[in-house]
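Survey of secondary and tertiary structure
What follows is each chain in one-letter form.
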Amino acid sequence: MNQMDTRLAKLARSGDRAAFAELVELYKDKIYHLAYRMLHNRHEAEEIVQETFLRVYTNLDRYDEQQKFSTWIYRIGTNLCIDRLRKRKINYSLDAEMSDGEGSDWYSALPSREETPDNQVVLSETQEQIRDSIKTLPEKYRAVVILRYLQDLSLQEISDVLAMPVTTIKTRLHRGREFLRKKLEQVL
């Protein structure tokens, strides 16, 4: 995938619109899911996707072909989300109402061992509590937890995306997990 991404980026840089359109197709859903998980708002996530690809297009000449294209585009998307969170931080409330099941996540895709209605209700409530707990993570931990566990990036990729040392990523990931563990012990 990395070589194909780099080839497409080179072609797009030289003006090939079809190559850029292919990059958009490859990454639009991934960037949307990243943004939705960070912002918890479908409309804002869609805006972040558009802004990400606008920035990618206007900055293709800055893309370093020695690094993975996915790392570069995730960095752009993550930074845009962090900027958006900082701007709305004044209005941010830890007990803000969650949207009614918009954009289901991977928790809802977990197969249950028994298909009883009781188990489905318990699972749904647990998933909601986990989502709510992730939303209460401090911003610096939330980005790392989402990139690691929901976007399945490696520690090195997260380090590249956030422009931080891997040791810092490990520390934030550990602290984020501890925060979630303590929060979930109270509710589960």
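Whatever comes next refers back to the structure up there.
This text gives an overview of the structure that appears in the document. Source: prediction; values computed, not measured. (Residues numbered from 1 in each chain as written. Predicted model: local features only at pLDDT ≥ 70, side-chain atom pairs only at ≥ 80, totals over all residues. Heavy atoms only, no water.)

1. Some details on the overall build of the protein chain
A tally of helices and strands in the protein chain yields eight helices and zero strands. Scanning the protein chain from its N terminus toward the C terminus, one meets helices and strands in the order α-α-α-α-α-α-α-α. Counting across all 188 residues of the protein chain, residues that qualify as buried make up 37%. Restricting to contacts in the protein chain with at least 6 residues of sequence separation, those with at least 24 account for 68%. Total accessible area computed for the protein chain in this model is approximately 11,300 Å², and 49% of it derives from carbon and sulfur atoms. (Helix = DSSP H or I, 4+ residues; strand = E, 2+ residues; numbered from the N terminus. Buried < 20%, exposed > 50% of the residue type's maximum accessible area, 1.4 Å probe, protein only. Contact = heavy atoms within 4.5 Å. Areas by Shrake-Rupley, 256 points an atom, 1.4 Å probe, with all protein chains shown as cover.)

2. A word on the pattern of salt bridges
Enumeration according to the criterion identifies twelve salt bridges in this entry. Note that Arg84 is salt-bridged to Glu44, the shortest N-O span being 3.5 Å. Taken together, the positions of Arg84 in helix H4 (residues 69–87) and Glu44 in helix H3 (residues 42–58) put the pair 40 residues apart, joining distant regions of the chain. Exposure remark for Glu44: the relative accessible area of 12% places this residue in the buried category. Here the residues in one salt-bridge network are Lys10, Arg13 and Glu65, joined through shared partners. (Salt bridge = Lys/Arg side-chain N within 4 Å of Asp/Glu carboxyl O.)

3. A short note on the environment of Leu85
Position of Leu85 relative to the elements: it lies in helix H4. The class for Leu85 is buried, based on a relative accessible area of 6%. When the C-alpha positions of Leu85 and Glu139 are compared, they lie 8.1 Å apart, and in sequence the two are 54 residues distant. Among residues more than four places away in sequence, those in contact with Leu85 are Met38, Leu39, Glu139 and Arg142.

4. A closer look at unusual backbone geometry
Positive phi outside glycine occurs at His40, with the angle close to 55°. Its location among the elements puts His40 in the loop between helix H2 (17–39) and H3. In the Ramachandran plot, Ala163 falls in the positive-phi region, its phi being about 55° despite a non-glycine side chain. Turning to its location among the elements, Ala163 is positioned in the loop between helix H7 (155–162) and helix H8 (166–187).

5. A few points about helix H6 (residues 139–150)
Here H6 spans 15 Å end to end across twelve residues, near enough to the 16 Å set by a 1.5 Å rise per residue. When you tally the buried positions in H6, you get nine out of twelve residues, the bulk of the element. Taken as a whole, H6 has its buried residues at Glu139, Tyr141, Arg142, Ala143, Val144, Val145, Ile146, Leu147 and Leu150. Just downstream of H6 lies Asp152, where phi reads positive at about 60°. (Expected span 1.5 Å × (residues − 1).)

Nothing here speaks to function; it is geometry throughout.
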